[in-house]
Amino acid sequence: MQRALRSNSRVDLIVLSSCVILALVARALPTTMRDPVATGMRRTFLAPLVMLQERAERGRQSLLQADAKQAHLDSLSLNSIKAGALETENERLRKLIGLGSQLKWGFIPTEALHGRGVRDETTVILSAGSRAGVSRLSPVIAPEGLVGVVDQVDPTMSHAMLWTHPDFRVSAMSPDGTAFGIAQAHLTGATGGYLIELRGVPFRATLKPGAEIVSSGWGGVWPRGIPIGTVLQEIKTTEGWARTYLLRPAVNPADVYSVMILRRDRLAKGFDGVWQSAAQVDQAVQRIVVSGDSAAKAAALAEAAARRAVLDSVARANGAPPLGATDSTGAPRVVAPRPVPVRRPPPADSNAPVRRDTTPRNDTVRTDTVPLRPEVHR
Amino acid sequence: MNVGGAIRAIISFLIFVVLHYTLRPLLGWRAPMDFLILALLLASVRVRPATAAVLGFVLGLISDSLAPDALGAGAIAMTVVGFGASYLKAVFFADNLVLNAFFFFLGKWVFDILYFVGEQRVHGVELLQQLLLWSPLSAAVTAAVGVLLLFLMRPLLEPTPA
């Protein structure tokens, strides 16, 4: 019994010693031999365990980054929401700059600070005051047209009455001077929206829907020619001696953020043609953009053609038929069977967008193209 | 140990190994629990010292294969721990949770001492900090988790009544 136990202990010690020696050998292996052994184990019977560990690590990373990812997503969502408003604001500022360049002088660009509550769009605070040259009854305009009038002035800010205010009035007319009237807010309660009434139009003068209405310049507050709105329809009132028209305003008071205050000394110089010129400037900018687009298209086409010509030259130098469509020599192309099908590598810039540009566009190419006269063909 | 008991012990052993490669990296603690040590200790008290030594050697190689620079260090440590646990099972083989917790704590700490000394990656103060602070913490966590799992897996680990 004791001998058996002693024998078992000896076996245990021999196995222990063997394992320890093997482990020491593994520990003493050079790196060049250690790595293949470890890699072999990882890739064979340990592969499922390694996969489990990888997934667990990934799960932990996901848990740790969940908050950061959520915050990132929120930021992106917020930015995408802001992007639309920024585009609109950008557009408005561009128009404002265009109007400023037409006015040249005598205006004060300012910010309009809105409202104290819902549907309280009758007054705004302007961020410029008497120190900047603002005075009482100075007109407030936007690129689209009339906004309101300054009614209180402080040194650093001022208070303006918008056209939606019940007390606001402006003398208005059709641009051709055939119809005159007084424009004021159309007050029909909360559901009426922002519309303008043109009251007191002589019965003999009729205005068609879509007709533009501008300030007439009478009264000394508003200069002549500032857009007020466009005619929607005639409305029936108790006044039998004059017509009343409903106008769609040129400026929505809820969208007024950047405006201009006209100085009193500027009013005397007149504003004839300013808004028409502003519109022309806008059209000119559009034309410049379109011309730039055409120039970029032409440059892309020229670059693609040059690249194709180079490829053809290389192909000819190698004894192969030209790969591209160009043939500078004008000689008939000899079509020979190719020993090895050569796949032409796509040029870096000759992908789908460039090809799309090769299609003539009506708004760019046609305007620059002079149509051929019949005698040219003769 | 009869066949049923052996199968249940093997299942428990595999559960511990899987937990080592799933729960441990998922928690990612600075002083992690060591399910491989728990598996080795629970298996070692059920087999002969020679078998425990071989089991420890294999488990050590498995853990070392994921850290090739330390290949062999884990194998040495686990071989010694497995053999020692099996050799001393007469002392620790008791149905006492506190004693089992101490058994797990001691096994993990001895393993860490052997491993970090054999690995020779950390030296000086850092080694002392590891062996006297983080390793006991890790051993304590391992002991706590081991006792909890012993409690939960009692149906699997209890010997079959004759």
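Residues numbered from 1 in each chain as written. Chains lettered and ligands numbered in written order. Predicted model: local features only at pLDDT ≥ 70, side-chain atom pairs only at ≥ 80, totals over all residues.

Caption draft 1: Structural view of the interface of chain B and chain A. Contact with chain B, which involves 26 residues of that partner, is made by 26 residues of chain A. Contributing elements (two or more residues each) for the side of chain B that touches chain A: α1 (3-27), α3 (49-65) and α4 (73-87) of chain B. In terms of residue count, α3(B) provides more of the side of chain B that touches chain A than any other element does, nine residues in total. Class assignment for the residues of the side of chain B that touches chain A results in 18 nonpolar, seven polar and one charged. (Contact = placed C-beta atoms within 7 Å. Helix = DSSP H or I, 4+ residues; strand = E, 2+ residues; numbered from the N terminus. Nonpolar A, V, L, I, M, F, W, Y, C, P; charged D, E, K, R; others polar.)

Caption draft 2: Representation of the confidence of the model for chain B within the structure. Summarising the model, chain B shows a mean pLDDT of 85, and 93% of its residues fall at 70 or more. For this predicted complex, the interface confidence comes out at an ipTM of 0.82, alongside a pTM of 0.47. (pLDDT = per-residue confidence, 0-100.)

Caption draft 3: Focus on the packing of helix α2 (residues 35-44) of chain B against α3(B). Residues and elements named next belong to chain B. One can describe the packing of α2 onto α3 by two numbers: an axis separation of 10 Å at closest approach and a directional angle of 170°. When the axes of α2 and α3 are compared, the pair comes out roughly antiparallel. Along this stretch, α2 crosses α3, giving a crossing that reads as right-handed. Two secondary-structure elements touch here, α2 through Leu 36, Leu 40, Ala 43 and Ser 44 and α3 through Ala 52, Leu 55, Gly 56, Leu 59 and Ser 63. Of the residues belonging to the contact of α2 with α3, the class tally is six nonpolar, three polar and no charged. (Axes fitted to C-alpha atoms, helices over the stretch in contact; angles between N-to-C directions. Parallel < 35°, antiparallel > 145°, perpendicular 65-115°, else oblique. Left-handed = near helix turned anticlockwise from the far one by under 90°.)

Caption draft 4: Here's a closer look at the confidence of the model for chain A. Residues and elements named next belong to chain A. Mean pLDDT over chain A works out to 75, with 72% of the residues at or above the 70 mark. Of all secondary-structure elements in chain A, the lowest mean pLDDT belongs to helix α7 (residues 365-368), at 41, while strand β6 (residues 170-173) reaches the highest, 92. Note on residues 324-344: pLDDT under 50 across the span, and 20 contacts to partners over four residues away in sequence or across chains. Per-residue pLDDT stays below 50 along residues 347-378; that stretch engages in 22 contacts with residues further than four places along the chain or on separate chains.

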